[in-house]
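Here is what each chain is made of, one letter per residue.
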Amino acid sequence: MTPLIKEMVGYIAEAETFMWFDIGKLPTEEVRFLVDGETLTHIPFHKVIVCCIDSDNDRCMLTLIGSNGSVAAAGFVLYPTSYEMVNAFAYMDTPEGLRLLPAIEGDTPPRREECFSVLCTIKHFLDLLGQKAVEAYQPRSKRSLINDKRKAKGKSPLLYDWHTVVIESPKPHSESCGGTHASPRRHQARGHWRTYKSGKRGWVKECWRGDASKGSVFKDYQLKEKNA
């Protein structure tokens with residue numbers, strides 16, 4: 001359990017229904033993201049909370065709830081003496097790309113500039129899942145006198161036991177590079193660093209590869225229980 005999550009859990013009702021992630025300090029420059037619904041809607045659990053530290057060293061928390069190709073996002077930034085809510089919105093995967101939706105049906109859809117920082121944070125979170133093993137934590141209310149009294153009053157618990165799982169990054173698959181081998185099915189290749197013969201390194205952005213007529217393969221996450 002990380003200190004940041006341990007602090008943030010007290011601000012959320014129904015904390016036990018979420019899987020919690022601590023992604024640490026965000027990059028000083030906003031991470032560019034593809035306007036691709038599949039890239040941003042493929043969250044590892046139905047209900048996710050992402051905790052992080054922004055470039056100003058303020059603590060941030062995002063709640064993500066996924067359903068049928070769409071994700072609802074909300075959260076807040078915690079300052080030393082105050083806090084600021086993150087404007088809630090939703091986004092979904094469409095044939096035309098990523099579509100932004102208002103949090104309340106009937107409201108005006110948000111502008112992309114208003115959601116850019118949040119989408120970049122989500123993109124950074126999903127990139128981490130694709131690059132390395134990441135721990136996820138789920139709180140479970142601990143049986144105690146304090147928690148029993150709070151529960152009787154309809155309040156959230158203060159004390160938790162934590163269940164931890166490890167999200168393994170997707171295993172790379174070999175690809176056809178030409179010749180007589182058949183073209184693979186359409187699949188998503190994540191962004192990665194490439195070292196060239198000159199010694200220079202360059203970033204290869206994520207993209208779709210393969211033959212769509214043979215079907216599509218979507219990346220998935222492997223969950224592994226972590227021993228206490």
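Student: I'd like a rundown of the pairing of strand 3 (residues 59-67), residues and numbers included.
Tutor: Regular strands show a simple pattern: their side chains alternate between the two faces of the sheet. In the sheet, strand 2 (residues 47-53) pairs with strand 3 via seven bridges, with the strands oriented antiparallel. Along strand 3, the bridge assignment pairs V48 with L64. Counting the residues between successive antiparallel strands, the hairpin from strand 2 to strand 3 contains five residues, one of them, N57, with a positive phi of roughly 65°. Bridge analysis of strand 3 against strand 4 (residues 70-78) gives nine bridges, and the strand direction is antiparallel. Residue T63 lies in a different strand from strand 4, and its bridge partner there is A74. Taking the residues between adjacent antiparallel strands as the criterion, strand 3 and strand 4 are bridged by two residues, where N68 takes a positive phi near 55°.

Student: I'd like a description of the side chain of T164, backed by residues and values.
Tutor: Within the secondary structure, T164 sits in strand 8 (residues 160-168). For T164, a relative accessible area of 15% puts it in the buried group. Discounting residues that sit within four places of it in the chain, T164 has contacts with E135, A136, Y137, E225 and K226.

Student: Explain the confidence of the model for the protein chain to me, using residue names and the numbers behind them.
Tutor: Averaged over all residues, the pLDDT of the protein chain equals 79, while 70% of them reach at least 70. The spread of mean pLDDT over the elements of the protein chain runs between strand 13 (residues 211-217), the lowest at 50, and strand 2, the highest at 96. In the predicted structure, residues 174-180 sits below a pLDDT of 50 and forms five contacts with residues beyond four places in sequence or in another chain.

Student: Outline the state of the cysteines, supporting the account with residue identities and numerical values.
Tutor: For the coordinates displayed, the defined rule picks out zero disulfides. As a non-bridged cysteine, C52 has C60 as the owner of its nearest cysteine sulfur, 4.6 Å distant. Taking the relative accessible area as the measure of exposure, C52 reaches 2% and is therefore buried.

Student: Quick one: what's the story with the layout of surface pockets, residue by residue and with numbers?
Tutor: By volume, the second largest pocket is sized at about 570 Å³. Lining the second largest pocket we find 29 residues, and of these L26, D54, S117, V118 and T121 sit closest to its centre. Of all the secondary-structure elements, those providing two or more residues to the lining of the second largest pocket are strand 3, strand 4, strand 5 (83-94) and helix 3 (112-131). Looking at the lining of the second largest pocket, the element that brings in the most residues is helix 3, giving seven residues. Among the residues forming the lining of the second largest pocket, the class breakdown is 16 nonpolar, six polar and seven charged.

Student: So what about the packing of aromatic side chains? Which residues, and what values?
Tutor: Geometrically, a pair of aromatic rings is defined through the distance of the ring centres and the angle of the planes. Taken as a whole and judged by the stated rule, the model has five aromatic pairs. Measuring from ring centre to ring centre gives 6.3 Å for F21 and F45, while their planes differ by 40°; the resulting arrangement is tilted. Pair noted here: F21 is in strand 1 (residues 19-25) and F45 is in the loop between helix 2 (37-41) and strand 2, with a separation of 24 residues, a long-range link. F45 shares its class with F21; the two are buried. On the basis of an interplanar angle of 75° and a centroid distance of 6.5 Å, the ring pair of F76 and Y83 is categorised as edge-to-face. Residue Y83 is classed as exposed on the basis of its relative accessible area, which comes to 55%. Through pairs of rings, three or more aromatic residues link up here, namely Y11, F76 and Y83.

Student: I'd like a description of the environment of M1, backed by residues and values.
Tutor: Along the chain, M1 turns up in the segment before helix 1 (3-8). Looking at M1, the relative accessible area reads 38%, which means it is partly exposed. Put simply, M1 and P139 are 138 residues apart on the chain and 9.7 Å apart in space, counted from C-alpha to C-alpha. Excluding anything up to four places from it in sequence, M1 contacts K6, Y137 and W162.

Rules of the game
- Residues numbered from 1 in each chain as written.
- Predicted model: local features only at pLDDT ≥ 70, side-chain atom pairs only at ≥ 80, totals over all residues.
- Heavy atoms only, no water.
- Pairing = 2+ DSSP bridges.
- Helix = DSSP H or I, 4+ residues; strand = E, 2+ residues; numbered from the N terminus.
- Buried < 20%, exposed > 50% of the residue type's maximum accessible area, 1.4 Å probe, protein only.
- Contact = heavy atoms within 4.5 Å.
- pLDDT = per-residue confidence, 0-100.
- Disulfide = S-S within 2.5 Å.
- 1 Å grid on protein atoms, 1.4 Å probe; cavity = no way out; pocket = protein on both sides within 12 Å on 5 of 7 lines; lining within 4 Å.
- Points joined across faces, edges and corners; volume = space filled by probe spheres on them.
- Nonpolar A, V, L, I, M, F, W, Y, C, P; charged D, E, K, R; others polar.
- Phe/Tyr/Trp six-rings, centres within 6.5 Å; stacked < 30°, edge-to-face > 60°.

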